[in-house]
Each structure stands twice: as C-alpha cells, then as structure tokens.
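Observations on chain architecture
Each chain, letter by letter, is given below.
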Amino acid sequence: MEKNIIVAMTRRRVIGCHGALPWHIPEDLRLFRTLTSGHTVIMGRTTFESIGRPLPERHNLVVSRTLMPCSGIVVCPSLIAAMEQARRLQRDLFFIGGREIYRQALPLADRLLISWIEQDYAGDCFFPLLDLSLWKQEWSREYPAFTHVGYRRRSAKEVA
Ligand SMILES: NC(=O)c1ccc[n+]([C@@H]2O[C@H](COP(=O)([O-])OP(=O)(O)OC[C@H]3O[C@@H](n4cnc5c(N)ncnc54)[C@H](OP(=O)(O)O)[C@@H]3O)[C@@H](O)[C@H]2O)c1
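What comes next concerns the included structure. (Residues numbered from 1 in each chain as written. Predicted model: local features only at pLDDT ≥ 70, side-chain atom pairs only at ≥ 80, totals over all residues. Heavy atoms only, no water.)

**Side note on the sheet that holds strand E4 (residues 59-63)**
Across the sheet, which stays open at both edges, the eight strands sit in the order E5-E4-E3-E6-E1-E7-E10-E9 with mixed pairing between neighbours. Looking at strand neighbours, the two that pair on one side only are strand E5 (74-76) and strand E9 (135-142), the edges of this open sheet. Between one strand axis and the next, the sheet turns by 25 degrees as a mean value, whatever way the strands run. Of the strand pairs in this sheet, strand E3 (residues 40-44) and strand E6 (residues 93-95) are connected by three bridges, and their pairing is parallel. Across the sheet, the residue bridging to Ile-42 is Phe-95, located in E6. Here helix H1 (residues 26-36) sits on the sheet and contacts strand E1 (3-10), E3, E6, strand E7 (111-117) and strand E10 (146-153); the angle it forms with E10, its principal contact strand, is near 30 degrees. Docked against the sheet, helix H3 (residues 79-89) engages E1, E3, E4, E5 and E6, running at close to 165 degrees with respect to E4. (Pairing = 2+ DSSP bridges. Helix = DSSP H or I, 4+ residues; strand = E, 2+ residues; numbered from the N terminus. Axes fitted to C-alpha atoms, helices over the stretch in contact; angles between N-to-C directions. Contact = heavy atoms within 4.5 Å.)

Listed below in structure tokens is the structure:
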C-alpha cells in the first residue's frame, strides 16, 4: 500500500486560514479528485468538518476521539487505527490533512504530492517544516496558479 501525503501549500507552507483553505483553485481541486478517486483518504476531524461531507468515490477515514459515527465515513480513534483500516481496504492511501494529520503522517509517508501555490496567501495554519533533502523529486508540472510536484522518500542508503 503506497502511503501518500497530498497537500496544497504556499512557498511559506501556509495550508489554511480560519479553518478553511485560503484560496479557491478549481484546477487543483480537480487534480486532487483525479489523484485520490478510487483510493482511501485519511483526514482529521477538523478537515472533515470543513469539507462538510464524505468525499465521493473514496473510502473516507476520519481520525477523531470525539466524532460520532455517521454515514459515508469510518471514524478511527487513532492514526494507527486508520492506517490498519486502510490496509484492509487494499487501495492506495492518501493523507489529506489537516496540519495535525500531516505532522503525524510525514515520517510515515512514501510519497509527497505537493501543489506549490505561487501566490503568497496569508494564513494561520502551516505544513510542518519539510527537509526536502530527504525526498527525491519524481515529476513536476506547471499550472497557471500552482506547480504540482511529486516526491518520493529517499532510501536510508541514498540519504547517507
Ligand atoms: N492546503 C491543504 O491541502 C489542506 C488540506 C487539508 C486541510 N487543510 C487545512 O488544515 C486546517 C485544519 O488542520 P488542523 O490541524 O486544525 O485539523 P485536522 O488535522 O484536520 O484535525 C485535527 C483533529 O483530528 C483528530 N486527530 C488528529 N490526530 C489524531 C490522533 N492521533 N488520534 C485521534 N484523533 C486525532 C482530532 O479530532 P478530535 O478533536 O475530534 O479528537 C483533532 O482535533 C484547516 O485550515 C484546513 O483548511 C489544508
């Protein structure tokens, strides 16, 4: 099971503002849908509430200690429990945020899919500090408002 982090962030690592995305970039949302459809997504309770509904055509796993069960999602009491559930579903796994989930998933992920937003939006929520020397760039594609870059974690041998 490939473990991916998928995130849109500015070059200063802003990912959110007042509990929502600071931007509206339909092309990035379309890309997110294409890449994650048919797979499993893991998100934090706050991100789930800001989306407001389960994402269609994906297995939605929501990590929370407080959320009541509801239709269209599986509530998991920990990130480890969510990953075990994802393993049983036998699809690729995408950690889709927010900050708390990215922080815990960063040491576990095989790949990073980053939409680098070119405009410098203000925000109050940041992606964790990222040491890109630990990651190998696999591809990069430019769009008008962002550059989409795929990275794969370097092996211990490559880092040494
Ligand atoms: N730019 C992007 O690509 C992107 C993507 C997604 C989200 N975002 C932004 O990120 C922000 C939200 O991030 P956030 O850090 O506030 O919230 P979050 O990570 O979405 O959710 C945090 C909540 O998840 C639950 N949780 C996290 N880790 C857990 C664990 N190990 N065990 C059990 N429960 C756990 C807790 O819920 P309970 O309190 O219910 O226990 C916690 O309060 C928003 O601004 C959103 O717009 C940006």
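**Observations concerning the pairing of E7**
Counting buried positions over the seven residues of E7 gives seven, a clear majority of the element. The side-chain alternation of E7 yields two buried faces, one formed by Arg-111, Leu-113, Ser-115 and Ile-117 and the other by Leu-112, Ile-114 and Trp-116. In terms of strand pairing, E1 meets E7 through seven bridges, oriented parallel. Its bridge partner lying in E7, Ile-6 is registered against Leu-113. Pairing of E7 with E10, which is carried by seven bridges, proceeds in the antiparallel orientation. Considered in E10, the bridge of Ile-117 is made with Phe-146. (Buried < 20%, exposed > 50% of the residue type's maximum accessible area, 1.4 Å probe, protein only.)

**A few points about the nonpolar core**
By size, the foremost hydrophobic cluster in this structure holds 28 residues, and its most contacted members are Ile-5, Ile-42, Phe-95, Leu-112 and Phe-127. Elements with a contribution of two residues or more to this core: E1, E4, H3, E6, helix H4 (99-105), E7 and E10. For this core, the element with the highest residue contribution is H3, accounting for four residues. Excluding residues within four positions of it along the chain, Leu-112 makes contact with Ile-5, Leu-106, Phe-127, Leu-130, Trp-135, Val-149, Gly-150 and Tyr-151. Residues Met-43, Phe-48, Ile-96 and Leu-113 belong to the second largest nonpolar core, which totals eleven residues. (Core = buried A, V, L, I, M, F, W, Y, C linked by side-chain atoms within 4.5 Å.)

Read these as geometric descriptors, not functional statements.
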